[in-house]
Amino acid sequence: MSTTLTDKGPQRKLLGIRKRCSNGHGESEEIPQPTKYLKEADNGLRSASNRCNISTKIPKCIENQGCDWFENSFCSTEKKIKGTELHQDTSLKNSSTGFDIQKEYVNKDNLKVLQSCRTELEGEDVISQKDIFEESFQDLDFLSHVESIESQNSLDFVDTVADSPEEKLRGQCKQGKDHELLPSKSIKYDDNKNSGSKKSFAEKQICDNVKSVKTVSSIKINCESQCLETEQQHLNNMCHEKIYQSNKISKVSDTLDSETPGKPQNGKVSMLASAGSLKDHLKRKLLQNMGLKSPISPGQAIVEGRRSRLKEAEKEAAILQGQMSCDDIGPFYGLPSKVQQLLQQQRGVSSLYEWQDRCLRLPTLRTGGNLVYSLPTSGGKTLVAEMLILKELLCKKKDALMILPFVSIVQEKVRGMAQLAVELDFLVEEYAGSKGHFPPIKHRKRALYIATIEKAHSLVNNLMEQDRLATLGLVVVDELHMIGEGMSRGSCLEATLVKLIYSKAPTQIIGMSATLNNVSDLLAFLRAEIFSSDFRPVKLTEHIKLQDNIFEVQNGHTLQESLHHQRTVTFQYNAEMTRVDPDHLLGLVTEVIPDHSCLIFCSTKKNCENVALMLSKLMAKHRRELSLVRKQERKDLLKTLYKDGEERLCPVLQHTIHFGIAYHHSGLTTDERHLIEEAYLEGVLCVLACTSTLAAGVNLPAKRVILRSPYIGKQFLNRSQYKQMIGRAGRAGKDTTGESILILSPKDRCKVWEIISGPMENCLSSLSYNDGKGIRSLILSSIGLKITTNTNEVFDLMSRTLLSIQASHLSCDIVAMTKDALQQLIDTGLVVQKRSFSQDGDCGVQSPSLEITALGRATFKGSVDLDFSSQLYSDLQRAEESLVLASHLHLLFLVTPYDMVKEVRPDWMIYFKQISLLTRVELKVAELIGVPEAYVAKKASGQHTKQLVDEFVTKRFYLTLVLYNLWKQKSVWEVAEKFELPRGFIQNLLSSAASFGACVHHFCQELDEFWAYQELFGTFVKQLAYCVSVELLPLMEIPGVKLGRARQLFGAGIKSVAQLAATDPDNLVKCIKQISYKAARQIVASAKLLLNEKAEALLQEVENLVTVPVELATSQSTAVSLSKLNELDLFSSAFSSQ
């Protein structure tokens, strides 16, 4: 079968790196590497995902056609001329072409390929070498892999097929000469028919391959299309019988049925008879690739298969070694790789800090134990918490709760998690102010609850009452040290945690805290382990300024050793500047701005405004060039503030913003604070004069932090507050160092040692605050939830509290305090004690039990303050007898919060003017409440009156009049000017009223006698939360959208949540001024999240309606649930894709 090699005949070396061919003159020329055979094989052999092997007798026409197709997959076709075809037909007679092939399921694609091959072989057109090798070979790794396997495993292959019929046939071919199956460069092969030059075995084998292909490719297939269709139908029928016998085909047979060999020509072994040849191995590899779904090259398939098996093996090994949890579903600390990509895209987190890596790999977290980790401010604690939350939601498929101290932080976190929730398909629910569902809605998806301390307490109570606490897998507490705040929030947080621990629920508790002195008490209380570090991403240097000298704070045993003089300020101040700015704030600030940012912490709100105004005036005279920095962006910020403020603008901000300065405290509205924070983060503003609340609030770091004085109000700073403030110095990723400067007066010099080097404050229990008010609240809720049912269990519960652990340190008798609290609850009618008899042997033993009254249940379920529950009940009962519904004034009085009354001192002249504007019906409400107009008139005129009027009720009604103006959709600016109150106080009053209104609503729902209030307060409280027109209510429900932003969106034509969810962030930036792309993206993501939440709530409601009750399902032995229907998932996925 030997023929002369033509000038276009290709040869390929075994290594597959360079290809050469000999032309007619015996010269060598390079040719490109062929890739067509792989593409043809991949497209021709790939079939459906489920296949089966069918052993059948293939007709002669199909057999030859498949043989020709296979040969054409490996080598190019030569020019076809009649003389060559005749010669090849003659040579073909000396070798057999019969095959017994274990045929795979042949689909329509296979037939098309076979027909195209037959057309190509029978055609008269000439196929050039350029057409055949027009594509470059892309998968060298595959050929290298084939070569290495062939060199290592060919002998194993021979052993495998030694007993097969093919081995006998191959043995017949080894007559007269032994040939090595392992290709080696040292083996020489003499070709007597050709030029006589020495060639390697591999090169000779390729030549034989080319000659063999020439012989086979000349076969003319005479099978008609009817034969092909008949065979196709036959194979299809047989395949349908066996196609589902196996879910996975591990591999395709490595061997082909033997070809009847002819008599070897010139002592050479044919390619089809060589067991270890490259061609046979490629055939086997291509047949194996037939079972792959993905349209990737064979080389890539092999590599991906190896990697997949390796990852599975590593994962199993890691689980066995205890390095991973069985709940892990991905390589990124158990999370999918998509989480890592999203963190990098949305947060810019490309890698974790070393301490974060160690913390996430702690055995405690893998086993579900409680953990407290403590680091300085800005150390990266929040990222670890978020990753633990994501693992709980995505891997363990349980809900999670994140407890944050302030409403503003809750809103910021909801906006930040919204984008992750949309991408990773979970829900985020906000529980702050008037927002939140009680009881929480059951969802088919996992949910993350982000709540304030008070709302988290109510949420846990509701989950316990509904026996759904097992669905809550993780509770993360930020600022855990606030448990020792000393007020109601500290006791509320402790009560929440102690109930979780006492109930023995499988809920993991993670606490984040600043460095504490008595962290061991918290560990004993939570039964947790500790992870602590002093890591800071940016180095912080502390300084103290005393008159004109700046000292650097270093480690030392005394104040003198700790303070090292660094420099003396030499700012060019004249006498006037020194008088106005004795602390050299202008000089200290201008050292870092405008390239960097600066925070100035002030002791009071008024001082914040004064400092901002003073700096701007000095800059206007001496550093006017600073007003040119980002001038247009600052003008746009002023325009936005002006538009959001109902065409009103704070005169202080109007002057300071031109120089990149603003103030930040609770006196600003939420919209104003949000706009100022965004502008500061973007660099439009570079100086903020703020109060200490900013240090515990949103994350606004700075290059330099200046403490104007060591006081908060009139109270001297403690070490924790000082560390929290200076912790804002240094922006990770932007600054290499951070600086803090504490300005001291000579009189405070002796106190500073406690701040810079004293021990951290102890975290002490707050349950005993206000004469044991926290203890009474804890006992009441535990009895109402049936966690405790008798006095012994109450004492057991109290023994688990932090107060009990610290009893000796606080010098308190926990047993006596518990008895006193129980007695007060019984005396106020919130709890009743009953005695029942149980048999203990022959003696009857009295065991007292505790039960909650209807008023007690309404108090704890409505989260009403124990001090005001009786008064609220009386107010509602008295109003029910003569409730005025001609206006909303009476309802507004009932939801005016009691705890804000002490914060207001009425201006009697303003009071008289406002009460004089009331209508006759509204004056009747004032009379019924107990605030007669004559009494207010006398107070306004300064006259003394003997009329007995409750002063508390009078002040409360004054706040009601403020709310009534807001209810009439008066702007915050207008109401603040009318009542001469800060804008922030007005807005805080509205938020508190909405929150307390929700509490009153839940309070009434537990008392049947207040059935009328249940209907009245339902829609009233929701509208009170925003006090806006009805058309803006849908937009106001979106997290992060306030009144000003809602008006902007409505003016841009976006009037619903669905419209906003479908809006592209780029278009939102174009149609709304002064909104960054980041803010636009967050708002759109929040809209999508809200839409998903509403859709899930509706689907769950539908499922609850059509689900067969348990009793009926038991009797019928069938439970029907819509959760099994795929149609429900279509709705949720449709919302997610918007």
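The structure contained in this document is the topic of the report that follows. Note that the structure is predicted; figures quoted are calculated from it, not measured. (Residues numbered from 1 in each chain as written. Predicted model: local features only at pLDDT ≥ 70, side-chain atom pairs only at ≥ 80, totals over all residues. Heavy atoms only, no water.)

Quick look at the pairing of strand β10 (residues 427-431) now. Of all the five residues making up β10, five are buried; the element is thus mostly covered by neighbouring parts of the structure. Note: β10 against strand β11 (residues 447-452), five bridges, orientation parallel. Residue pairing across strands places E429 opposite Y449, the latter belonging to β11. (Buried < 20%, exposed > 50% of the residue type's maximum accessible area, 1.4 Å probe, protein only. Helix = DSSP H or I, 4+ residues; strand = E, 2+ residues; numbered from the N terminus. Pairing = 2+ DSSP bridges.)

The next subject is the sheet that holds strand β15 (residues 539-546). Taken in spatial order, the eight strands make up an open sheet running β17-β16-β15-β24-β21-β18-β20-β19, and their pairing is mixed. Strands at the two margins of the open sheet, each flanked by one partner only, are β17 (563-568) and β19 (661-664). Looking at each pair of strands side by side, their axes are set apart by 25 degrees on average, direction ignored. Here strand β18 (residues 598-601) pairs with strand β20 (residues 687-690) via four bridges, running parallel. Bridging across to β20, F601 finds its partner in C690. (Axes fitted to C-alpha atoms, helices over the stretch in contact; angles between N-to-C directions.)

On to the environment of V1021, then. Its location among the elements puts V1021 in helix α44 (residues 1011-1024). In this structure V1021 comes out as buried when scored by relative accessible area, which is 8%. The residues touching V1021, leaving out its near neighbours within four places in the chain, are A994, G997 and A998. (Contact = heavy atoms within 4.5 Å.)

Right, let's get into the nonpolar core. Counting 123 residues, the largest nonpolar core has L401, L497, L876, F957 and F1017 as its most contacted members. The element best represented in this core is helix α43 (residues 983-1005), accounting for eleven residues. What L497 contacts, discounting residues up to four positions off in sequence, is V477, L480, I483, I509, F525 and L526. (Core = buried A, V, L, I, M, F, W, Y, C linked by side-chain atoms within 4.5 Å.)

A few words on the packing of aromatic side chains. Inspection of every chain in the model, using the stated rule, returns 21 aromatic pairs. With a centroid separation of 5.3 Å and 75 degrees between ring planes, the pair formed by F332 and Y333 is classed as edge-to-face. A ring pair is formed by F868 and Y898, whose centres lie 5.1 Å apart and whose planes are at 15 degrees; its orientation type is stacked. Of this pair, F868 sits in helix α36 (residues 866-881) while Y898 is found in the loop between α37 (889-894) and α38 (908-916), placing the two residues 30 residues apart along the sequence. (Phe/Tyr/Trp six-rings, centres within 6.5 Å; stacked < 30°, edge-to-face > 60°.)

Taken as a whole and judged by the stated rule, the model has zero disulfides. You can see C608 has no disulfide; the closest cysteine sulfur is in C602, sitting 4.2 Å from it. With no disulfide of its own, C690 lies closest to C608 among cysteine sulfurs, the gap being 6.3 Å. Residue C690 is classed as buried on the basis of its relative accessible area, which comes to 0%. (Disulfide = S-S within 2.5 Å.)

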